[in-house]
Amino acid sequence: CCPPGKPTLYGSVTRRGLSSDGVPDIVASEGFVVGEVTKKSILISCPHENVSTKFLAPYTSFCRIHQKSITCLDISSGGGLGVSTSTDGTMKIWQAANGEIRRLLEGHVYDVNCCRFFPSGLVVLSGGMDAQLKIWSAEDASCVVTFKGHKGGILDTAIVDRGRNVLSCSRDGTARLWDCGKSACLGVIADCGSPINGIAVGAADDSLNLGTPEKPPSEREVGTEGKILLLAREDKKLQGVGLQSRQPVFLFVGSDAFNCCTFLSSTYILAGTQDGNIYQLDVRNTNAPIQVIHRSGAPVLSLLPYRDGFIASQGN
């Protein structure tokens, strides 16, 4: 148990045996208490600090999809297919029910950093260290479109509405908007001079002033109006930009490099840093965070809204 500003408390858990219904009988050393134990979970609390953690065993493990670390994954909107990339250099599509590999997506040079399904679930968007953004058919694994324009590795992507336009961000410090139909860049949304590690696009609260474009947007831009783009930057800044206007909306300075960001609603956003902070902000007033969650000093690697809360993954 790591209470902020106090010495870490260490303990151990021991299994004494099995109960008649096959659930392990587990006890904890001094300072810790074992609560509910099921075949798939153990609840351990530290009464002195009034904290508890539930450890879950996976219901299913797919061990044969990749040989090395998985760097990114997504599940199709219908839940039928998964896509994932790995440090083994591969990107694969597989059945979400049983982990059976369906397609190998080959075409990037070097590592693939990010992958996601379009809302249709039939098409995949990926970005790699080769500075290329690619669109793939999940049905026959063909690469339908390749976008070129970034000068550095692509670190994250986002899809606008149903996917006629997509977004990417890169080590080159830019976030770009692309037209899938004509495979062309519609514009540089932001140029930060610092790598952009993560992006998220969402509908902005009506009261927010997103600015006006300096020139009329292309008719190829679809669904950019009223949207705000979040940029999680390496230089410790979280930025909001009007997607259609390309105008800055806010700039928040955090404790370390921002790795990821997401929308909880049209007003509330989350962003995670390299030193383990999760900031919750109100886009209407980003002077001070609503809350800062710090569970450990491990980097916050990804954030996802879930029911009334969110899921965070950390590098520990």
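Because the structure is a prediction, the values reported are computed rather than measured. (Residues numbered from 1 in each chain as written. Predicted model: local features only at pLDDT ≥ 70, side-chain atom pairs only at ≥ 80, totals over all residues. Heavy atoms only, no water.)

### Quick look at the sheet that holds strand 7 (residues 81-86)
As a general point, the strands of a sheet are linked pairwise by backbone hydrogen bonds and lie either parallel or antiparallel.
Here is step 1: Spatial strand order, 6-7-8-9: four strands in an open sheet with antiparallel pairing. Bordering the open sheet on either side are strand 6 (70-75) and strand 9 (101-104), each of which pairs with just one other strand. Taken over all neighbouring pairs, the strand axes of this sheet differ in orientation by 20 degrees on average, direction set aside. (Pairing = 2+ DSSP bridges. Helix = DSSP H or I, 4+ residues; strand = E, 2+ residues; numbered from the N terminus. Axes fitted to C-alpha atoms, helices over the stretch in contact; angles between N-to-C directions.)

### Concerning the layout of surface pockets
Here is step 1: Volume-wise, the largest pocket comes out at about 1700 Å³.
Here is step 2: Around the largest pocket, the lining is made up of 45 residues, and of these Cys 72, Arg 116, Asp 156, Leu 301 and Ser 302 lie nearest the centre.
Here is step 3: Mapped onto the lining of the largest pocket, the elements with two or more residues apiece are strand 6, strand 10 (112-117), strand 14 (154-160), strand 18 (196-203), strand 22 (258-263), strand 26 (300-306) and strand 27 (309-314).
Here is step 4: Counted as a void, the second largest pocket has a volume near 1300 Å³.
Here is step 5: Taken together, 32 residues make up the lining of the second largest pocket; nearest its centre are Ser 52, Thr 53, Lys 54, Phe 55 and Arg 295.
Here is step 6: Mapped by element, the contributors of at least two residues to the lining of the second largest pocket are strand 4 (41-46), strand 5 (51-56), strand 25 (291-294) and strand 27.
Here is step 7: Looking at which element gives the most residues to the lining of the second largest pocket, the answer is strand 5, with six residues.
Here is step 8: Residue composition of the lining of the second largest pocket, by class: 18 nonpolar, 11 polar and three charged. (1 Å grid on protein atoms, 1.4 Å probe; cavity = no way out; pocket = protein on both sides within 12 Å on 5 of 7 lines; lining within 4 Å. Points joined across faces, edges and corners; volume = space filled by probe spheres on them. Nonpolar A, V, L, I, M, F, W, Y, C, P; charged D, E, K, R; others polar.)

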